[in-house]
Amino acid sequence: MLAINATKARNEWSMLVDSVIREKPAFIKKTRDYLFLSDLNVLENILSVYSFNAETITEEDGSITISLDEIDLIENAPDIPSAVSKLAHAILEYSEDYFNEFAYWSRGSRKSHIPFVFKALIINNADKIGELIKCRHGKI
């Protein structure tokens, strides 16, 4: 791997950051650990293949329940646009909580949530997240 030694990275921190922003990401090696340093635009491009997919179900009372596939989040509202909006806000709130307790939540079964959490945090706008939710109809 094309990794920079951590001591060199520390000694040349300003140059390294400028290089990462203007040229390319960097790999940094500290003992046995490897780090990836990148501009957020690169991470956004990496995460572009991840999408939010949800199933909508029309309830007996006519309301809509929407269930996110990637993360166990479910919302209910009178109509699809309202349900999508509520789900988008829930995704952003969940992502903030997940990140704040990253050491705890990024272990075990919730490890697969990481790309979706980072995608939501980079977007940082519930309306824009809502535009990315792909809905499919479930049982009626």
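Below you will find a few notes about this structure.

Calculation rules
Residues numbered from 1 in each chain as written. Predicted model: local features only at pLDDT ≥ 70, side-chain atom pairs only at ≥ 80, totals over all residues. Heavy atoms only, no water. Helix = DSSP H or I, 4+ residues; strand = E, 2+ residues; numbered from the N terminus. Buried < 20%, exposed > 50% of the residue type's maximum accessible area, 1.4 Å probe, protein only. Pairing = 2+ DSSP bridges. Salt bridge = Lys/Arg side-chain N within 4 Å of Asp/Glu carboxyl O.

1. Some words on the environment of Asp-127
Alright, step 1. Looking at the element boundaries, Asp-127 is found in helix 7 (residues 126-132).
Alright, step 2. With 43 residues separating them along the chain, Asp-127 and Val-84 place their C-alpha atoms 9.3 Å apart.

2. Looking at the pairing of strand 5 (residues 64-68)
Alright, step 1. Counting buried residues along strand 5, four of its five residues qualify, which places the element largely inside the surrounding structure.
Alright, step 2. The pairing of strand 4 (residues 52-58) with strand 5 spans five bridges and is antiparallel. When the bridges of strand 5 are listed, Ile-57 appears paired with Thr-65.
Alright, step 3. Counting the residues that bridge the hairpin from strand 4 to strand 5 gives five residues, and of these Gly-62 lies at a positive phi of roughly 90°.
Alright, step 4. Pairing of strand 5 with strand 6 (residues 74-77) involves four bridges; the strand directions are antiparallel. Of the residues in strand 6, the one forming a bridge with Ile-66 is Glu-75.
Alright, step 5. Once strand 5 ends, the chain turns through five residues before running back antiparallel as strand 6.

3. Some words on the pattern of salt bridges
Alright, step 1. Inspection of the entire model under this criterion finds three salt bridges.
Alright, step 2. Across the pair Asp-69 and Arg-136 runs a salt bridge whose closest N-O atoms are separated by 2.8 Å. With Asp-69 in the loop between strand 5 and strand 6 and Arg-136 in strand 7 (residues 133-137), this pair connects stretches of sequence that are 67 residues apart.
Alright, step 3. Close ionic contact of Glu-75 with Lys-86 constitutes a salt bridge, the shortest N to O distance being 4.0 Å. Linking Glu-75 in strand 6 with Lys-86 in helix 4 (residues 80-100), this pair joins segments that are 11 residues apart in sequence.
Alright, step 4. Taking the relative accessible area as the measure of exposure, Lys-86 reaches 38% and is therefore partly exposed.

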